[in-house]
Amino acid sequence: MQDQERDVADAEKETLTSETDDWKKYRDDDIMQQHSAIQAEQAVKVPFVGDKEPLSSLEAEYHLGNSIVLKKIKVLSEQYAAIRRTRGDGNCFFRSFMFGYLEHILDSQDHNEVHHIKANIEECKKTLQSLGYAEFTFEDFFALFLEQLDSVLQGSEDSISHDELLCRSRDPSISDYVVMFFRFVTSGEIRKRSEFFEPFILGLTNTSVEQFCKSAVEPMGEESDHVQIIALSDALGVPIRVVYLDRSSCENNSINVNHHDFIPTSSDSDVSKTTNPSITLLYRPGHYDILYPK
Amino acid sequence: MNSGNNSNTPATAAPVMPSPKQTQTTAKTVDTQSVLKRLQSELMALMMSGDSGISAFPEEDNIFCWKGTITGSKDTVFEGTEYKLSLSFPADYPFKPPKVKFETGCFHPNVDVYGNICLDILQDKWSSAYDVRTILISIQSLLGEPNISSPLNTQAAALWCNQEEYRKMVEKLYKPSV
């Protein structure tokens, strides 16, 4: 009888150890591989940058859901005509900004703006150098973005169409390089003005500014928050409007859709007051897409 | 970088929906030339830097596989020991980190018996801002400042609090490679 009990106990111990052995089999490689498998699955459903869809497609998403959100979408539809979705891979803010900005240049052919952003990019390069970044770690990403800027301006051999811009935005060998370019620019700006950003960062995580940049800005797939948006907008001198769509409501039950304009600190204050940002992003908790005004 | 892109993309292309298969072979679409150029720059930078206690060099005929060396820092239990490492770079480097392993056995809380290293910057916290030099410096400082809370080698983690005994263990197990 006792022997039998011991057998059972041994057997249990065996299953226990084999279970822990099983767990040990999951090496970091496996986890990373599984991670890429999940990303591949996502890729089939949503390209990096989607097609332009009417705002009503947003409504369809919530048809069973929250009435406050539905009412807010109604309010949104008075001002906005369309939405362009981006993949929820942690790079959605940068990817939305990339497409939104390059499309804006393609449509407006604003040579002054291109001149202006190029000067700022040159500054960003100097910032990274002075922070001690080895040039070869970022130069390819900078060069590739400058190439995209030139190609959306029409009239040269390398000029591209709207369709080609969309193709490039879906091609990882271009799209990911541009996202990484923005991550470098953002990180450089935060570290350059670390005194300004420190209180924001301490409010989010309990880490140093440098650690925050290393772990939450520079790695691909790390999500962006207002800290990253402020930094990118300031560094490039590009205003960004973010429209917030969530379940919050006002006390008096009136339905308002809030937005916030991120206006670069360095920009001319007169300009920033009078002009609306050309880039509008829709924020839903955890995700950014592109919005098109009417 | 986009020269190959114009030729195979008709202007009226339908939206390109990458299939999972394509995503897995992403590496191939990345320009190999730019990876080679980057690795060559890294080698130059490493040779020029003159950092003490770290070095690395590509294997013969293959710039995607490097052998590295780090020495234990002064005033740590690893002082006076030297470790060989292998670094193998994926085709989509620097978007993905190189695989780095200890070739010399290393009794350390974050290194397992096969030489695998548990270090966040070689996994989910990797970014293109790192390079061979900063990887080796990070591993060198990991030696003296292990992460005891998530050990790969639990015996080493348990012994860490007794530095005198730990040093004896390092000396006992150290087998320098020739």
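Residues numbered from 1 in each chain as written. Chains lettered and ligands numbered in written order. Predicted model: local features only at pLDDT ≥ 70, side-chain atom pairs only at ≥ 80, totals over all residues. Heavy atoms only, no water.

Draft legend 1. Geometry of the overall build of chain A. A count of helical and extended segments in chain A gives 13 helices and 6 strands. Scored against the burial criterion, the 294 residues of chain A give a buried share of 46%. Pairs at least 24 apart in sequence give 76% of the contacts found in chain A among residues at least 6 apart. For chain A, the accessible surface area stands at approximately 14,900 Å², while carbon and sulfur atoms represent 49% of it. (Helix = DSSP H or I, 4+ residues; strand = E, 2+ residues; numbered from the N terminus. Buried < 20%, exposed > 50% of the residue type's maximum accessible area, 1.4 Å probe, protein only. Contact = heavy atoms within 4.5 Å. Areas by Shrake-Rupley, 256 points an atom, 1.4 Å probe, with all protein chains shown as cover.)

Draft legend 2. Fine view of the sheet that holds strand S3 (residues 240-244) of chain A. Residues and elements named next belong to chain A. The 6 strands are arranged S1-S2-S6-S5-S3-S4 in an open sheet whose pairing can be described as mixed. Each edge of the open sheet is held by one strand with a lone partner, namely strand S1 (49-54) and strand S4 (259-262). Strand after strand, the sheet turns through a mean of 30° between neighbouring axes, direction not considered. Where S3 and S4 come together, 4 bridges link them in antiparallel fashion. Residue Arg 241 lies in a different strand from S4, and its bridge partner there is Asp 261. In the packing of helix H4 (residues 67-79) onto the sheet, contacts are made with strand S2 (80-86), S3, strand S5 (279-284) and strand S6 (287-293), and the angle to S2 comes to roughly 110°. Lying over the sheet, helix H8 (residues 162-169) contacts S1 and S2, oriented at roughly 130° with respect to S1. (Pairing = 2+ DSSP bridges. Axes fitted to C-alpha atoms, helices over the stretch in contact; angles between N-to-C directions.)

Draft legend 3. Main features of the UniProt feature "site: Interacts with free ubiquitin" (unreviewed entry) in chain A. All names here are of chain A. Under the UniProt annotation, the feature "site: Interacts with free ubiquitin" (unreviewed entry) is placed at Ile 230, Tyr 244, Asp 246, Tyr 283 and Tyr 288. The topology assignment puts Ile 230 in helix H12 (residues 226-236). Overall, Ile 230 belongs to the buried group, its relative accessible area being 16%. Residues within four places of Ile 230 in sequence aside, it is in contact with Phe 196, Phe 197, Phe 200 and Phe 262. Structurally, Tyr 244 is set in strand S3. Residues in contact with Tyr 244, not counting those within four places in the same chain, are Val 257, Asn 258, His 259, His 260, Phe 262 and Tyr 283. (UniProt positions renumbered as here; feature names shortened; annotations may be inferred.)

Draft legend 4. Here's a closer look at the packing of helix H10 (residues 194-204) of chain A against H12(A). Residues and elements named next belong to chain A. Look at H10 against H12: their axes get within 10 Å of each other, and the N-to-C directions meet at 160°. With respect to each other, H10 and H12 are oriented roughly antiparallel. Residues Phe 196, Phe 197, Phe 200, Ile 201 and Leu 204 of H10 lie in contact with H12, whose contacting residues are His 226, Val 227, Ile 230 and Ala 231. Here the residues of the contact of H10 with H12 are counted per class, giving 8 nonpolar, 1 polar and no charged. (Parallel < 35°, antiparallel > 145°, perpendicular 65-115°, else oblique. Nonpolar A, V, L, I, M, F, W, Y, C, P; charged D, E, K, R; others polar.)

Draft legend 5. Quick look at the sheet that holds strand S2 (residues 62-71) of chain B. Residue and element names in this part refer to chain B. Read from one edge of the open sheet, 4 strands run S1-S2-S3-S4, paired in antiparallel fashion. Only two strands of the sheet have a single neighbouring strand rather than two, namely strand S1 (54-59) and strand S4 (99-102). Looking at each pair of strands side by side, their axes are set apart by 25° on average, direction ignored. Note: strand S3 (residues 82-88) against S4, 4 bridges, orientation antiparallel. Note on S4: the bridge partner recorded for Leu 87 is Val 100. On the sheet, helix H4 (residues 32-49) packs against S1 and S2 and is oriented at approximately 25° with respect to S2.

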